[in-house]
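Chain by chain, the residues:
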Amino acid sequence: MKKIAIFVSGNGTNCENIIRYFTNHTEIRVSLVVSNRADAYALVRAERLGVPTEVISKAEFRDEQKVLDVLRKHDVQFIVLAGFLLQIPPYLIEEFPQKMLNLHPALLPKYGGKGMYGHHVHEAVWQARETETGITIHWVTAEYDRGPIIAQFRTPVAPDDTPDDIAARIHQLEQQHFPKVIEQAFS
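Residues numbered from 1 in each chain as written. Predicted model: local features only at pLDDT ≥ 70, side-chain atom pairs only at ≥ 80, totals over all residues. Heavy atoms only, no water.

Draft legend 1. Main features of the pairing of strand β6 (residues 132-139). With seven of eight residues buried, β6 is to be regarded as a mostly interior element. As paired elements, strand β5 (residues 100-104) and β6 share four bridges and run antiparallel to each other. Opposite L101, over in β6, you have W139 as the bridge partner. Relative to strand β7 (residues 149-156), β6 runs antiparallel, the two sharing seven bridges. Within β7, the residue paired with T136 across the bridge is Q152. (Buried < 20%, exposed > 50% of the residue type's maximum accessible area, 1.4 Å probe, protein only. Helix = DSSP H or I, 4+ residues; strand = E, 2+ residues; numbered from the N terminus. Pairing = 2+ DSSP bridges.)

Now the structure itself:
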């Protein structure tokens, strides 16, 4: 059984979707949800679904031994970033090479990098009057949103769309595709 940890910072709709997708899976299981914020609603979602949770603050993420001990305690072999807003420390990238995925709410390399997450991305897409956008699932490297791309999924942007319309369409893509790509990448 391959065990994954999901790293989150916020609401956790993608986290919940991933947990549900793998609930009765024969090869992959979500064994832990980690958040840098104690008030992240994703923790509530995970606990309701019977998945253990850990809060590791931004400062605690600097403590390599602490973080690795938590991951080893839950026998984590792969990591999925689903709305995790901290930069991944180098020791984690070294410990999980090609075993850590990130979901980005745009078609990288456009609209990536530090500070480009969530609504900031949708606003930038809207302001640029893009005709399409999408999601990118990529391997995590030391640079924000620069890891090798595993998959991209596209959606049109209509001239009268608002950033909220774009966000809703992106969320649909995330819910539909992210768990399947995780399954393919880690199988």
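Draft legend 2. Geometry of the packing of aromatic side chains. Taken as a whole, this structure holds six aromatic pairs when the rule is applied. Geometrically, the ring pair formed by F7 and F84 is edge-to-face, given 5.3 Å between the ring centres and 65 degrees between the ring planes. Of this pair, F7 sits in strand β1 (residues 2-8) while F84 sits in the loop between β4 (78-81) and α4 (90-95), and the two are 77 residues apart along the sequence. Both residues of the pair, F7 and F84, belong to the buried class. For the pair F61 and F84, a centre-to-centre distance of 5.5 Å together with 55 degrees between the ring planes defines the contact as tilted. With a gap of 23 residues between them, F61 in the loop between β3 (53-55) and α3 (64-73) and F84 in the loop between β4 and α4 connect regions that are remote in the sequence. Judged by its relative accessible area of 5%, F61 falls in the buried class. Of the aromatic side chains, those joined through ring pairs into one cluster are F7, F61 and F84. (Phe/Tyr/Trp six-rings, centres within 6.5 Å; stacked < 30°, edge-to-face > 60°.)

Draft legend 3. Quick look at the packing of helix α1 (residues 13-22) against helix α6 (residues 163-186). Contact geometry of α1 with α6 gives a least axis separation of 10 Å together with a crossing angle of 45 degrees. Here α6 runs oblique to α1, going by the angle between their axes. Of the two elements, α1 crosses α6, and the hand of that crossing is right-handed. Counting all contacts with α1, which are made through T13, N14, N17, I18, Y21 and F22, the residues of α6 involved are H171, E174, Q175, F178, P179, K180, I182 and E183. Among the residues forming the contact of α1 with α6, the class breakdown is six nonpolar, five polar and three charged. (Axes fitted to C-alpha atoms, helices over the stretch in contact; angles between N-to-C directions. Parallel < 35°, antiparallel > 145°, perpendicular 65-115°, else oblique. Left-handed = near helix turned anticlockwise from the far one by under 90°. Contact = heavy atoms within 4.5 Å. Nonpolar A, V, L, I, M, F, W, Y, C, P; charged D, E, K, R; others polar.)

Draft legend 4. A look at the packing of helix α5 (residues 118-127) against α6. Axis separation between α5 and α6 bottoms out at 9 Å; the angle between their running directions is 120 degrees. In terms of axis orientation, α5 runs oblique to α6. Judged by the sense of rotation from one axis to the other, the crossing of α5 with α6 is right-handed. Counted together, H119, H122, E123, V125 and W126 of α5 and P163, D164, I166, A167 and I170 of α6 form the full contact between these two elements.

Draft legend 5. Local environment of the environment of H120. Along the chain, the position of H120 falls in helix α5. Its relative accessible area of 44% is what places H120 among the partly exposed residues. Expressed as a C-alpha distance, the spacing of H120 and D165, which sit 45 residues apart in the sequence, is 14 Å.

Draft legend 6. Spotlight on the sheet that holds β1. The strand order β3-β2-β1-β4-β5-β6-β7 describes an open sheet built from seven strands, whose pairing is mixed. The open sheet terminates on both sides in strands that have one partner only, identified here as β3 and β7. Each strand axis lies, on average, 20 degrees off the axis of its neighbour in the sheet, ignoring direction.

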